[in-house]
2 protein chains.
Amino acid sequence: MVGTNHRFVFAFSEGDKDGRELLGGKGAGLAEMTNLGLPVPPGFTVSTEACRHYLAHGELPPELAAEIAAHLARLETERGKRLGAAEDPLLVSVRSGAKFSMPGMMETVLDIGLNDDSVVGLAEATGRERFAWDSYRRLIQMFGSTVLGIDAARFGAALEDAERANGAAGDLDLDTAALRGVVKAYKGIVRDATGRDFPQDPREQLDMAVQAVFGSWNTERARVYRRQERIPHDLGTAVNVMAMVYGNLGPDSGTGVAFTRDPATGAPGVYGDYLSEAQGEDVVAGIRTPIPLQDLERFDPVSFAELRRIMALLEDHYRDLCDVEFTIERGKLWMLQTRIGKRTAAAAFRMAVQFLDDGLIDVEEALSRVTGEQLAQLMFPQFALHHGGKAIARGVPASPGAAVGVAVFDSEAAARTEAKVILVRRETSPDDLPGIIAAEGVLTSRGGKTSHAAVVARGMGKTCVVGAEGLEIDTEGRQFTAPGGLVVREGDTISIDGTTGSVYPGTIEVVPSPVVEHFESPLAAEKHRSDPVVRAVARMMVYADERRRLGVHANADTPADAERARRFGAEGIGLCRTEHMFLGERRRHVEELILAETASEQDKVLAELLPMQLGDFAGLFAAMDGLPVTIRLIDPPLHEFLPDLTELSVKAALAEARGEVDEGDIRLLRAVRRLHEQNPMLGLRGVRLGLVVPGLVAMQVRAIAEAAVARVRAGGDPRPEIMVPLIGGAEEFELMREEIERVLLDVAEVSGVEVRTRIGTMIELPRAALTAGRIAEHAEFFSFGTNDLTQTTWGFSRDDVEGSFFPAYLEKGVLAVSPFESLDEEGVGRLVGIAVEEGRAARKDLLIGVCGEHGGDPSSVHFFDRIGLDYVSCSAFRVPIARLEAGRAAVLAELESTSR
Amino acid sequence: MVGTNHRFVFAFSEGDKDGRELLGGKGAGLAEMTNLGLPVPPGFTVSTEACRHYLAHGELPPELAAEIAAHLARLETERGKRLGAAEDPLLVSVRSGAKFSMPGMMETVLDIGLNDDSVVGLAEATGRERFAWDSYRRLIQMFGSTVLGIDAARFGAALEDAERANGAAGDLDLDTAALRGVVKAYKGIVRDATGRDFPQDPREQLDMAVQAVFGSWNTERARVYRRQERIPHDLGTAVNVMAMVYGNLGPDSGTGVAFTRDPATGAPGVYGDYLSEAQGEDVVAGIRTPIPLQDLERFDPVSFAELRRIMALLEDHYRDLCDVEFTIERGKLWMLQTRIGKRTAAAAFRMAVQFLDDGLIDVEEALSRVTGEQLAQLMFPQFALHHGGKAIARGVPASPGAAVGVAVFDSEAAARTEAKVILVRRETSPDDLPGIIAAEGVLTSRGGKTSHAAVVARGMGKTCVVGAEGLEIDTEGRQFTAPGGLVVREGDTISIDGTTGSVYPGTIEVVPSPVVEHFESPLAAEKHRSDPVVRAVARMMVYADERRRLGVHANADTPADAERARRFGAEGIGLCRTEHMFLGERRRHVEELILAETASEQDKVLAELLPMQLGDFAGLFAAMDGLPVTIRLIDPPLHEFLPDLTELSVKAALAEARGEVDEGDIRLLRAVRRLHEQNPMLGLRGVRLGLVVPGLVAMQVRAIAEAAVARVRAGGDPRPEIMVPLIGGAEEFELMREEIERVLLDVAEVSGVEVRTRIGTMIELPRAALTAGRIAEHAEFFSFGTNDLTQTTWGFSRDDVEGSFFPAYLEKGVLAVSPFESLDEEGVGRLVGIAVEEGRAARKDLLIGVCGEHGGDPSSVHFFDRIGLDYVSCSAFRVPIARLEAGRAAVLAELESTSR
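Residues numbered from 1 in each chain as written. Chains lettered and ligands numbered in written order. Predicted model: local features only at pLDDT ≥ 70, side-chain atom pairs only at ≥ 80, totals over all residues. Heavy atoms only, no water.

### Looking at the overall build of chain A
So, point 1. Regarding its fold elements, chain A presents 36 helices and 31 strands.
So, point 2. Projecting the C-alpha coordinates of chain A onto the three principal axes gives extents of approximately 105 × 70 × 60 Å.
So, point 3. Counted over contacts in chain A with a minimum sequence separation of 6, partners at least 24 positions apart contribute 68%.
So, point 4. Summed over its atoms, the accessible surface of chain A is roughly 35700 Å², and 50% of this surface lies on carbon and sulfur atoms.
So, point 5. In chain A, the 98 positive side-chain charges and the 136 negative ones have mean positions that sit 2 Å from each other. (Helix = DSSP H or I, 4+ residues; strand = E, 2+ residues; numbered from the N terminus. Contact = heavy atoms within 4.5 Å. Areas by Shrake-Rupley, 256 points an atom, 1.4 Å probe, with all protein chains shown as cover. Lys, Arg positive; Asp, Glu negative; His and termini not counted. Charge placed at Lys NZ, Arg CZ, Asp CG, Glu CD.)

Printed below as a string of structure tokens:
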């Protein structure tokens, strides 16, 4: 750890891996490797504190120049060279390195120190004149565009001119003389654009580069990214200055990237790519095809062995997958960077148990290394392994899953086509909503993870690939052309992979997730017995369950859903939406209820509905015997059970024009009009319906109570909980509770069987949260309906906003993530916190859960754990994810509290 | 003040007027009069504490019986009679008396102490046998129905039987013998219904009556009323036991009610009604027409003088209008009750200044005695004084004002009729909304202040009379019949008075409010120079303005509105809704903006709108020169400027059926469909529009800035404030502020004129309130949009809920008052409080106001004063009301803090 903040520059040997705050991620990694005695080219880091000073005052700290000079002098002494000297010059690279990496920052300037004199010295020292002039050319180009802000196209044009003049096919064909000409042209561009010459003073080059890195902290793109990621604008970036080593000094030189294990599968062994006679970004840029790292052993066994040794050391040291960048300069290995490596979901689980079994980490740390999001990815259907399909394009994986269908190019075709379809658009707009709804998946050629298509598809759980930029989509011609030239016409089948972003022609076999098959039936899924990923997931689930404090319930409306949820580990039903029981053919009864003109007509319909509801609840109690079943009284506005006003109006108007008037339709239209609301979300629904439609709640409660009695008589253990939706305050709950208790008492008296039935409420309006103390005097449990609570707290109608302005809001960073995906802790979460605190203050044993979709969202689960909820409830599919995250939340909270 | 709580019964001489909590209002008044030495029949009060004990334990406190016995003994000694004795018995009345009077409570049982023996003694002692038996009959009837809970209809039927058998036209025609028969029949009813005889023991009668009063605290009606009025259920009621005096013992006896001044006009002098040879409730029940109190002087000058003396003493003592009930028994005056008298709005103002000028009260107390609600009543147009119209019916005044129009009986007729209409319905439902919108006023024969008609009409500011029960409304026959037999047919003109509830046939002249004429122009309104009410109002306004802490701004969108508001005392515009500027013929431009398919088309439309907006703002700055003008950027969803989806769909479908397709309509329909939202209240509007529709905000800001520059150049003093609507968090505001500042800077640079322009935001979403601290880092002012904040906090769409379930909610006491009328302090108010506290913590000089309709609501103004807002803003009409209430709020807060 760096001991003092009273200076701004630190040699690599002075820091360590915990210095990310001050040195940035890259600087901390270089410091750590240096301290481990690994071959890191010497250098130093200018701290984030210097950047903060620069951002605050518009100039570098006055003492910085001297500090840099001192470190540079040490570096020169160590390398035995002087920066930009005419003979055998020291060159350095300048790289940004913030605590979090982010787009829009100035990344790298290589070869600093070259000028009209040192270029000659470099040529002499290396014996490679073309290399020296090409390096000089690159420096001016890189420096000019990134440090001096000159339009990069001007350098590109000059280079093309030179190629044309020399009859060269590309810059590699330019000889030394031609490159000298390019340098001259470039210097002209710099003079023309900036009014001064390209700086010949190496130290000036260095200072300008450092300052440019600091300045790039505030590019528009970086600012937007930070807003999106909620990274504070005042962190600042560090700058790493490192002596150049060259991977392009002959066949015994080269550069590569490597991972300590396979980041795709988690399998042990060193993985990576190597490119001989190459430098810096060449591997990543992909100008030549690299060779597999293993092949290095053949022609440089010494360096290869050294690299393996270093990789093993790093993995042991960091106790995690590492990736590195390295360069071999004339047979000497140099480490340029290391960091904890990115990995796929499968690799994450597999490596967590490997490290655990190797004794490098404990269970708590293993849990901290896998996420619910990764588990979710493993639970989607996938394309079969080794399916042999060849991707014709690749986009941004925006919503996971594997979808196969015929390509269609607009909503109308999507609706018209009976087969499964993939909607293909350049980008989508609200007009495409019907098409997205009808499609298995969505593919676009534009936009990123926050585009309309991405946001809407994620919201609906549809597979989605966006921004597949190589695709030329011809909507009018109803076809698209892939980069390779393949043309896909409307009606042709394609397959898209929402986890990788790949697009395939034809049908790729989709296989169910082995992880899901394991959850569905660990014993029956014999075939996955030896699947290391399934085994790893299973073990992590056990660890998570042992450690979690939160219960995990499921949202389920049918016995089949409930049984599935139980297999997935649900410890009860946290939300049964009874309105789903009024759909299908029962819709007719609700219509009759609404159209009934007398109380006796209404009673008749309710009497017809009673035995159906009774059957519904009986099935749920059987499936969840011994576990709580939380039943929410009917919630949605009545008109949801009736036809759409506009459709019905058109139908009636057309019938009238034809002189065919249907009395029934007219009556229906009148009812629809009467119940029509401007904003049904804020209208007559939930407890409001219960309080103004006589008999409705009594019917539901009677069905619950009688089903429970029947189950008890059959020897079962039903545990009903009755939940009142959409209350705004204690008064509504008090009245509702009176009515519920009246019916429960009546059923208990008549049957002689008393079933303990909790009565509680949703907290899904800001007012309910704000008055939770008074509500808890009457309610035995709370369940946060965070979907509705988010809608009212933000004033967002989810149906309307996700497809309209959310993409722009995510793009501009107004929202970091849709508040419907992850709970907005600052706003909605504050209300939840108020309700938990004041509810518990009023009733110590108040049971508190959440049944909005956030109950299955990883980051939200951590929040719910933190504020002390009793359980989360989510869809069956999300139950394992919630279990895992609940375990992780408990572990991470523990780690955090002990580290304090 | 009563010194101890360790007993439950207090003689009238032991309490005083401040003992309302323990003795109830009636008991405190009786105690006060007793202590003043006034002739009050002796008696005692059983305290509310005894009631609370009874409610908590289901039985009277054990020590109560002995306490009552002791007080009864004192009473017997004082009167020289024994309760229910066979000779010259003492009789007592038992009356409930809670701190607040409420419906549904058992009120009064008279003549307790009569039984088969004492009835004879009473006859002998008074020499009036019929009187004695009629009293006994009444006791059994009153006691049977209220104390024993026997259906009152059974006593009524027995009485009718007796009348029939005796050929009597009514009970007054029954002679002593017949009454003896009735008593016998009544006793039979009691035995039959309760299984035991009517209690002959006088003390048992008394105890049962006391217990029955306590029990009546929890009748359904009382509970609902307390829920509606937010009166705690655990206050309990007191019971007053008083020796009976008889106003019906001959021509030198009688009973009356009196006011110390005219409660209708506030004019000095004693007002009241007197009925000789009458008792108890007879005056109120109206069985005979009473005489004006003044006439008493003629035939009982001594009692009259004594009464006047007592009234003057009471008024001096209470320093307010008092009303009293009294009885004269054989020439001796007895005071039975006193309380602060109810009064009209006009009387309240007039009396406040009278008492002030008489030196009885100070300015602060004068202010505490008039209310904004009363001022509002004085500001509605009124029917001309002495208009000579004769009311044909009277209902509940539900929404003030005077309306004249032809009677119509349904919405279709209301829409069809070109003349002004009054909608007449038995009761209204959501189907009647179009009719209510089209009408000047609404008249119903059913329902109370919380009925659908009442709630909706109040919400719309329409005159409304409900529950005019005498009207027989024949909707199908399109006519109604008034109690007197007059038939009003559809098309006949009627006049309704929403302040008094009166209904008149024909046209009554409506005159503008003299108070409003005074505000409009105090100098020009010469004609009201000597109007004591106008003068009183004017003086009270001066006092209020001197004392208030809150500024009062107006909501105004046009120069005319602004000028009017300024005349009404507005100190600025707190809300200019710019969307109102896009209606009318400018709607076309907005339509073009929405339909524009290219950025340049949009720019063209915006360029057309710019000069119009510039003109709008120029007019406002001129009207409000030197005062702040807060301009809210466009707020409503764009589709509000387009035709209705259903209407347009029907039109297009019909056109298509006819084979006539209009391309423009199709394009329009497509746009309407694209912009259609399920819940527009929660959709793309406010700042969201500003962030996603390019150029819109810039155009508005430019218009504001350029109009301000022009005004400065013309020598004016414009004070624009720009307000961003519907933000949910700091990020939106930050982005918007950047764009606003860019335009302001641009205008300042081009013009060379810098106009100080505050930039602030509405706080109208729960999330904005919950994150106000961060928002205040960027915003210079907050203005609470309490309408929208109420909608989202409660999840109420005002347009939908006021007419659907609010009446039921008000009826059941779920809501005490519509939260759109008076701010819901518990929920919405808590959010306001959070935002004020955290906003000020982040920015000390944050300016905070409110511009929702609550800004002009009396009780809400007190809340806003209490939590320290800088100003309220409301419609011009409400400005004087807000000024008055702001003054009162400051005064009452002061009084409260000094009384602590």
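Structure's up, so let's keep going.
### Thoughts on the sheet that holds strand E20 (residues 487–489) of chain B
Residue and element names in this part refer to chain B.
So, point 1. With respect to topology, three strands assemble into an open sheet ordered E18-E19-E20, the strand pairing being antiparallel. Only two strands of the sheet have a single partner each, and these edge strands are strand E18 (472–474) and E20. Averaged over all pairs of adjacent strands, the angle between strand axes in this sheet comes to 15 degrees, irrespective of strand direction.
So, point 2. Bridging between strand E19 (residues 479–481) and E20 involves three bridges; their strand directions are antiparallel. (Pairing = 2+ DSSP bridges. Axes fitted to C-alpha atoms, helices over the stretch in contact; angles between N-to-C directions.)

### Comments concerning the relation of the copies chain A and chain B
So, point 1. Note on the identical chains: chain A maps onto chain B by a rotation of 180 degrees and an axial translation of 0.0 Å, with an RMSD of 0.1 Å. Such a combination of turn and shift is consistent with a two-fold rotation axis.
So, point 2. Both copies contact each other with a shared surface, as 98% of the interface residues of chain A are interface residues in chain B too. (Least-squares fit on C-alpha atoms with pLDDT ≥ 70 in both.)

### Details of the interface of chain A and chain B
So, point 1. At the junction of the two partners, chain A supplies 58 residues and chain B supplies 58 residues.
So, point 2. Considering only the side of chain A, the residues that lose the most area to chain B are Leu 682, Arg 767 and Arg 830 of chain A, jointly responsible for 13% of the buried surface there.
So, point 3. Counting across the chain A and chain B interface gives eight salt bridges.
So, point 4. Across the chain A-chain B interface, the total number found is 29 residue pairs in polar contact (both at pLDDT 80 or more). (Buried area = accessible area lost by both parts, 1.4 Å probe. Salt bridge = Lys/Arg side-chain N within 4 Å of Asp/Glu carboxyl O. Polar contact = N/O pair within 3.5 Å; in protein donor to acceptor, adjacent residues only side chain to side chain.)

### What about the packing of helix H13 (residues 345–357) of chain B against helix H20 (residues 532–547) of chain B?
Residues and elements named next belong to chain B.
So, point 1. One way to put it is that H13 packs onto H20 with a least axis distance of 8 Å and a crossing angle of 70 degrees. Taken together, the axis directions place H13 and H20 in an arrangement best described as roughly perpendicular. Remark: the crossing between H13 and H20 carries left-handed chirality. Within the contact between the two elements, H13 uses Ala 346, Phe 349, Arg 350, Ala 352, Val 353, Leu 356 and Asp 357 and H20 uses Pro 532, Val 533, Ala 536, Val 537, Arg 539, Met 540 and Tyr 543. (Parallel < 35°, antiparallel > 145°, perpendicular 65-115°, else oblique. Left-handed = near helix turned anticlockwise from the far one by under 90°.)

### What about unusual backbone geometry?
So, point 1. Unlike most non-glycine residues, Arg 319 of chain A shows phi in positive territory, near 50 degrees.
So, point 2. Tracing the sequence through the fold places Arg 319 of chain A in the loop between helix H12 (301–318) and strand E9 (322–329).
So, point 3. A positive phi angle is found at Arg 478 of chain B, which is not glycine, with a value near 55 degrees.

### Some details on helix H34 (residues 828–842) of chain A
So, point 1. Across its 15 residues, H34 of chain A extends 21 Å between first and last C-alpha, which sits within 8% of the 21 Å expected from 1.5 Å per residue.
So, point 2. All of the buried residues along H34 of chain A are Val 828, Gly 829, Leu 831, Val 832, Ile 834, Ala 835, Val 836 and Gly 839 of chain A. (Expected span 1.5 Å × (residues − 1). Buried < 20%, exposed > 50% of the residue type's maximum accessible area, 1.4 Å probe, protein only.)

### Description of the sheet that holds strand E3 (residues 92–98) of chain A
All names here are of chain A.
So, point 1. In space, the five strands of this open sheet follow the order E1-E2-E5-E3-E4, with antiparallel pairing throughout. For this open sheet the edge positions go to strand E1 (9–11) and strand E4 (108–112), each flanked by a neighbour on one side alone. Taken pair by pair, the neighbouring strands of this sheet meet at an average axis angle of 20 degrees, ignoring direction.
So, point 2. As judged from the three bridges shared by E1 and strand E2 (residues 43–46), these two strands associate in the antiparallel manner. Directly across from Val 9, in E2, lies its bridge partner Val 46.

### Quick look at the nonpolar core
So, point 1. Counting residues in each nonpolar core, the largest one holds 293 residues, and the members touching the most others are Leu 375, Met 540 and Ile 740 of chain A together with Leu 375, Met 540 and Ile 740 of chain B.
So, point 2. Once residues lying within four places of it in the same chain are set aside, the contact partners of Met 540 of chain B are Phe 349, Ala 352, Val 353, Ala 366, Leu 367, Val 370 and Leu 884 of chain B. (Core = buried A, V, L, I, M, F, W, Y, C linked by side-chain atoms within 4.5 Å.)

### Describing the environment of Pro 430 of chain A
So, point 1. One can find Pro 430 of chain A in the loop between strand E15 (421–425) and helix H17 (433–438).
So, point 2. When its relative accessible area of 32% is taken as the criterion, Pro 430 of chain A is described as partly exposed.
So, point 3. Sequence spacing of Pro 430 of chain A and Val 456 of chain A is 26 residues, and the spatial spacing of their C-alpha atoms is 9.4 Å.
So, point 4. Among residues more than four places away in sequence, those in contact with Pro 430 of chain A are His 452 and Gly 803 of chain A together with Arg 674 of chain B.

### Comments concerning the environment of Pro 512 of chain A
So, point 1. With respect to the helices, strands and loops of the structure, Pro 512 of chain A is situated in the loop between strand E23 (510–511) and helix H19 (514–520).
So, point 2. The partly exposed category is assigned to Pro 512 of chain A, whose relative accessible area is 48%.

### Regarding helix H13 (residues 345–357) of chain A
Residue and element names in this part refer to chain A.
So, point 1. Look at H13: 19 Å from first C-alpha to last across 13 residues, which is about the 18 Å you get at 1.5 Å a residue.
So, point 2. For H13, the buried fraction is high: 12 of the 13 residues fall into the buried class.
So, point 3. Gly 359 sits one or two residues past H13 and shows a positive phi near 75 degrees.

### A word on the pairing of strand E16 (residues 441–444) of chain B
Residue and element names in this part refer to chain B.
So, point 1. A two-sided burial pattern is seen for E16, the buried positions comprising Gly 441 and Leu 443 on one face and Val 442 and Thr 444 on the other.
So, point 2. Viewed along the sheet, the connection from strand E15 (residues 421–425) through helix H17 (residues 433–438) into E16 turns out right-handed.
So, point 3. Note on the crossover from E16 through helix H18 (residues 452–460) to strand E17 (residues 463–466): the handedness is right-handed. (Right-handed = clockwise from strand over helix to strand, strands pointing away.)

### Here's the deal with the state of the cysteines
All names here are of chain A.
So, point 1. Enumeration over the complete set of coordinates arrives at zero disulfides over all chains.
So, point 2. Summary of cysteine pairing: Cys 576 is not part of a disulfide, and the nearest cysteine sulfur, belonging to Cys 851, is at 11 Å.
So, point 3. For Cys 576, a relative accessible area of 0% corresponds to the buried category.
So, point 4. Sulfur of Cys 851: no disulfide; nearest cysteine sulfur belongs to Cys 874 and is 11 Å away. (Disulfide = S-S within 2.5 Å.)

### Here's the deal with the side chain of Thr 761 of chain B
Residues and elements named next belong to chain B.
So, point 1. The topology assignment puts Thr 761 in strand E28 (residues 758–763).
So, point 2. Classification of Thr 761 by relative accessible area gives buried; the value is 0%.
So, point 3. With residues up to four places along the chain from it excluded, the contact list for Thr 761 reads Met 723, Val 724, Ile 727, Phe 733, Ile 775, Ala 779, Phe 781, Phe 782 and Ser 783.

### Considerations on the confidence of the model for chain A
So, point 1. The predicted model of chain A has a mean per-residue pLDDT of 92, with 98% of residues at 70 or higher.
So, point 2. Prediction confidence for the complex, expressed as pTM and ipTM, is 0.88 and 0.87 respectively. (pLDDT = per-residue confidence, 0-100.)

### Section: the packing of helix H23 (residues 599–623) of chain A against helix H27 (residues 696–713) of chain A
All names here are of chain A.
So, point 1. In contact at an axis separation of 8 Å, H23 and H27 are set at 45 degrees when each is read in the N-to-C sense. Comparing their axes, H27 and H23 come out oblique. Here H23 runs over H27; the crossing is right-handed. Residues Leu 606, Leu 609, Leu 610, Gln 613, Leu 614, Phe 617, Ala 618, Phe 621 and Ala 622 of H23 lie in contact with H27, whose contacting residues are Leu 696, Met 699, Gln 700, Arg 702, Ala 703, Ile 704, Glu 706, Ala 707, Ala 708 and Arg 711.

### Digging into the packing of aromatic side chains
All names here are of chain B.
So, point 1. Taken as a whole and assessed by the stated rule, the structure comprises 40 aromatic pairs over all chains.
So, point 2. With a centroid separation of 5.0 Å and an interplanar angle of 80 degrees, the aromatic rings of Phe 155 and Tyr 186 are classed as edge-to-face. Of this pair, Phe 155 sits in helix H6 (residues 152–166) while Tyr 186 sits in helix H7 (residues 176–194), and the two are 31 residues apart along the sequence. Assigned by exposure class, Phe 155 and Tyr 186 land together as buried.
So, point 3. Sitting above the plane of the Phe 355 ring, Arg 261 keeps its charged end 4.5 Å from the centroid. (Phe/Tyr/Trp six-rings, centres within 6.5 Å; stacked < 30°, edge-to-face > 60°. Lys NZ or Arg CZ within 6 Å of the ring centre and 35° of its normal.)

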